[in-house]
Amino acid sequence: MKKILGSVAMLGVLVLGQGASYPAIINVPGSYTTIQQAVNTANTGDTITVSAGTYNEAVYVNKRIALVGIGTPTITAQGLGDTNTVTFDGADTDAAIISGFKITGVTGFWFTGCGIRGINYAEPTIINNTILGNGNGIFCDSSSPTIINNTISGNKYNGIYCYSSSPKITNNIIAQNGTTSSDYYGIRASDNVNPTINYNCVWKNGLGGDNNYCKCYPGPKDISCDPRFIGAGDFHLSGASRCIDSGNNSAPALPSTDKDGKPRRFNNGIVDIGAYEYQGTPTYSIVSLSWTGEANYTSDGLEPETGFLATTFTYRVKYTDIENDCPDYPKVYIKKGGVEIPKSPFTMTYVSGTYTTGAIYAYETTLPLGTDYTYYFEAYDSYGAKATGEATLPVNGPQVTEGKITSITHNATAFLGIGKVLTVTMNGQAGGNATFTVSGIATTTMTETSP
């Protein structure tokens, strides 16, 4: 009981703000047998705690209250006709909270069949829920909720649909929704809608798995990768998930506990993405970039290290991930005087090898004159994890200088005379320059032949 009251108190502070000195805590079952009975009775600022169990009802909320699931209760509107599982209606629901539920069971189209639907400018906070097996997972219909740390997966149409709304979408897993049609998406927006999207894992939505966003764009910290749940129907993260430690600690209304009531920010102080916080040490491998170990590439990633204007410089690096995750193509950054040269970084080309034992990538180029070049490599795996290793640190080189003419020979042993040919042979370095002065010949034709 102590643990339950602690969770309720935390959420109560978020909901109440000002104006409700003595909020009530209403228990379901206990005070009431259904969630809707408790909602109808509750006053603004009250908290309704719902114990584990399955509640076959459609819940309608039109006031600022907190719905708090304890022990993973399920709300399902299965068999109840054209309805939504949970509806928030009107501005009076601003700062209302729903947290800790499995929300499922309706499969209607658009305006019905939504796991959660907000209407008429409702702005509730949706936290720590699993939302699956509905038509649309969340439908923001002229409603701008704050959607944080939910797992939204396996819904028939869209994971989140934003219509005339601007929700804040942070730290959520939105995966494998609408997989039967190319018309459905992970996050879908209508025209002139500006959802705030960041720190989410949005993966394999729509038919073919490529429909993650429609009329909206991933945030800079969004990732798109297999969240690696423990198993089918169990949305807890395995230790190999890249969703671990990938969330945003500064998300608005960030909860202190996850859907199970366990601590958030368990590992390294960084919150996970999704409804559940992993409670151990991650097991995913560290992605690395290293020297290839080939001849001339044992201690750096460049050959040759000195050259001239016409020299082709070859950069090579080895990408390794023992889980065989493919990279976003490795890139080489080339700087001169500490400033990236035009078009840097340069995408490298796969040469050989496997990701588990080390795949080699290469890039070739010529360079302008200079002795102040540096370079380093960068890569991310398909989960958005950045590679580490010796090749990610700056290395000096190459030195690019003018070629020099080392010797000149010719076939003239005496005056050649008219019609004779003077042959001059130059030996030296590529990129060298030579100036000829020819005198004493009335007519001169010079032809350059390069080896």
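Being a predicted model, the structure only gives us computed values, none of them experimental.

## Examining the overall build of the chain
Next up, step 1: Secondary structure assignment for the chain yields two helices and 38 strands.
Next up, step 2: Once local pairs closer than 6 in sequence are excluded, the contacts in the chain between residues at least 24 apart make up 56%.
Next up, step 3: Split by element, the accessible area of the chain, about 21,300 Å² in all, is 51% carbon and sulfur.

## Thoughts on the environment of serine 290
Next up, step 1: Relative to the helices and strands, serine 290 resides in strand β25 (residues 288–290).
Next up, step 2: A relative accessible area of 17% places serine 290 in the buried class.

## Focus: the pattern of salt bridges
Next up, step 1: What the rule picks out here adds up to eight salt bridges.
Next up, step 2: Lysine 336 is paired through a salt bridge with aspartate 372; the nearest N and O atoms lie 3.5 Å apart. One end of the pair, lysine 336, is in strand β29 (residues 327–336); the other, aspartate 372, is in the loop between β33 (359–365) and β34 (373–381), and 36 residues separate them in sequence.
Next up, step 3: Ionic pairing is found between lysine 386 and glutamate 378, a salt bridge with its closest N-O pair at 3.8 Å.
Next up, step 4: Under the relative-accessibility criterion, glutamate 378 is labelled buried at 16%.

## A look at the packing of aromatic side chains
Next up, step 1: For the structure shown, the criterion picks out 12 aromatic pairs.
Next up, step 2: Ring geometry for tyrosine 333 versus tyrosine 376: centroids 4.7 Å apart, planes at 5 degrees, classification stacked. Of this pair, tyrosine 333 sits in strand β29 while tyrosine 376 sits in strand β34; the two residues are 43 residues apart in sequence, bridging distant segments of the chain. Each member of the pair, tyrosine 333 as well as tyrosine 376, is classed as buried.
Next up, step 3: Both rings, one in phenylalanine 346 and one in tyrosine 363, keep their centres 4.9 Å apart while their planes meet at 15 degrees; by these two values the pair is stacked. With phenylalanine 346 in strand β31 (residues 346–347) and tyrosine 363 in strand β33, the pair connects residues that are 17 residues apart, well separated along the chain. Side by side, phenylalanine 346 and tyrosine 363 carry an identical accessibility label, which is buried.

## Here we look at the side chain of asparagine 172
Next up, step 1: One can find asparagine 172 in the loop between β17 (168–170) and β18 (173–175).
Next up, step 2: According to the relative accessible area criterion, asparagine 172 is buried, its value standing at 0%.
Next up, step 3: Here asparagine 149 takes part through its backbone nitrogen, which lies 3.2 Å from a polar atom of the side chain of asparagine 172.

## A look at the sheet that holds strand β12 (residues 130–131)
Next up, step 1: In space, the seven strands of this open sheet follow the order β3-β6-β9-β12-β15-β18-β21, with parallel pairing throughout. The sheet is open, and its two edges are formed by β3 (54–56) and β21 (201–203), each paired on a single side.
Next up, step 2: Where β12 lies against strand β15 (residues 151–153), two bridges are found, and the strand directions are parallel. Following the sheet pairing, threonine 130 is matched in β15 by threonine 151.

## Re the pairing of strand β16 (residues 160–163)
Next up, step 1: The pairing of strand β13 (residues 136–141) with β16 spans four bridges and is classified as parallel. Paired with aspartate 141 across the bridge in β16 is tyrosine 163.
Next up, step 2: With three bridges connecting them, β16 and strand β19 (residues 187–189) associate as parallel partners. Looking at β19, one finds that tyrosine 161 is bridged to arginine 188.

## Observations concerning the environment of isoleucine 25
Next up, step 1: With respect to the helices and strands, the residue isoleucine 25 is situated in strand β1 (residues 25–28).
Next up, step 2: Distance from isoleucine 25 to threonine 47, taken between C-alpha atoms, is 4.9 Å for residues 22 residues apart in sequence.

## Regarding the sheet that holds strand β14 (residues 146–148)
Next up, step 1: What the eight strands build is an open sheet, ordered β1-β2-β5-β8-β11-β14-β17-β20; its pairing is parallel. Across the chains shown, the open sheet's two edge strands, defined by having one partner strand only, are β1 and β20 (196–198). Going across the sheet, the axis of each strand differs from the next one's by a mean of 10 degrees, ignoring polarity.
Next up, step 2: Here strand β11 (residues 125–127) runs beside β14; their pairing, made up of three bridges, is parallel. Bridge pairing in β14 links isoleucine 127 to isoleucine 148.

## A word on the state of the cysteines
Next up, step 1: The final tally for this structure, using the stated rule, is zero disulfides.
Next up, step 2: No disulfide involves cysteine 114; its sulfur sits 9.7 Å from that of cysteine 140, the nearest cysteine.
Next up, step 3: The closest cysteine sulfur to the non-disulfide-bonded cysteine 140 is located on cysteine 162, 4.7 Å from its own sulfur.
Next up, step 4: Residue class for cysteine 140 comes out buried when judged on its relative accessible area of 1%.

## Quick notes on the environment of valine 59
Next up, step 1: For valine 59, the location among the structural elements is in strand β4 (residues 59–61).
Next up, step 2: Accessibility expressed as a relative area gives 1% for valine 59, which makes it buried.
Next up, step 3: Along the chain, valine 59 and threonine 76 lie 17 residues apart, while their C-alpha atoms are 9.3 Å from each other.
Next up, step 4: Discounting chain neighbours no more than four positions away, the residues touching valine 59 are Ile35, Gln36, Val39, Leu67, Ile75, Thr85, Val86 and Thr87.

## Details of unusual backbone geometry
Next up, step 1: In this structure, proline 304 follows glutamate 303 across a cis peptide bond, with omega equal to -10 degrees.
Next up, step 2: Looking at the secondary structure, you find proline 304 in the loop between β26 (302–303) and β27 (306–308).
Next up, step 3: Residue serine 344 is joined to proline 345 through a cis peptide bond whose omega torsion reads 5 degrees.
Next up, step 4: With respect to the element layout, proline 345 can be found in the loop between β30 (339–340) and β31.

## Considering the nonpolar core
Next up, step 1: One finds Ile35, Ile48, Leu67, Ile98, Ile116, Ile138 and Ile160 to be the most contacted residues of the largest nonpolar core, which totals 38 residues.
Next up, step 2: Within the residue set of this core, elements represented by two or more residues are β1, α2 (35–41), β2 (47–51), β4, β7 (86–89), β13, β16 and β19.
Next up, step 3: Here this core gets three residues from one element, more than from any other, and that element is α2.
Next up, step 4: When sequence neighbours within four positions are dropped, the list of residues in contact with isoleucine 160 reads Ile138, Cys140, Ile147, Ile152, Ile169, Ile174, Gly186, Ile187 and Arg188.

Criteria and thresholds
Counting of residues starts from 1 at the beginning of each chain's written sequence and follows it residue by residue. Local features in a predicted model are, by the rule used here, given only for residues with pLDDT of at least 70; side-chain atom pairs are given and counted only at 80 or more, and totals for whole chains, interfaces and linings are based on all residues. Values reported for side chains reflect all heavy atoms of the structure, with hydrogen atoms and water molecules removed beforehand. In DSSP terms, a helix is any run of H or I states spanning at least four residues, a strand is any run of E spanning at least two, and both are numbered starting from the N terminus. The contact rule is simple, with two residues in contact once any of their heavy atoms fall within 4.5 Å. The accessible surface values rely on the Shrake-Rupley method and a 1.4 Å probe; as for residues, cover is taken only from the protein chains in view. Each residue is assigned to one of three classes by its accessible area relative to the maximum for its type, calculated with a 1.4 Å probe on protein chains only: buried under 20%, partly exposed between the two thresholds, exposed over 50%. By definition, a salt bridge exists where a carboxyl oxygen of Asp or Glu is found within 4 Å of a side-chain nitrogen of Lys or Arg. Put simply, two rings from Phe, Tyr or Trp (the six-membered ring, in Trp's case) pair if the centres are within 6.5 Å, and we call them stacked under 30 degrees between planes, edge-to-face over 60, tilted for the rest. Any N or O atom pair separated by 3.5 Å or less is treated as a polar contact, with the protein-specific requirement of one donor-capable and one acceptor-capable atom, and with residues adjacent in sequence counted only for side-chain atom pairs. Pairing between strands is defined by DSSP: at least two bridges between them are needed. Every axis in this analysis is a line fitted to C-alpha atoms, fitted for helices over the stretch in contact. Angles between the N-to-C directions lie between 0 and 180 degrees. Put simply, a disulfide is two cysteine sulfurs that come within 2.5 Å. Buried Ala, Val, Leu, Ile, Met, Phe, Trp, Tyr and Cys residues that are joined via side-chain atoms within 4.5 Å together make up what is termed a nonpolar core.

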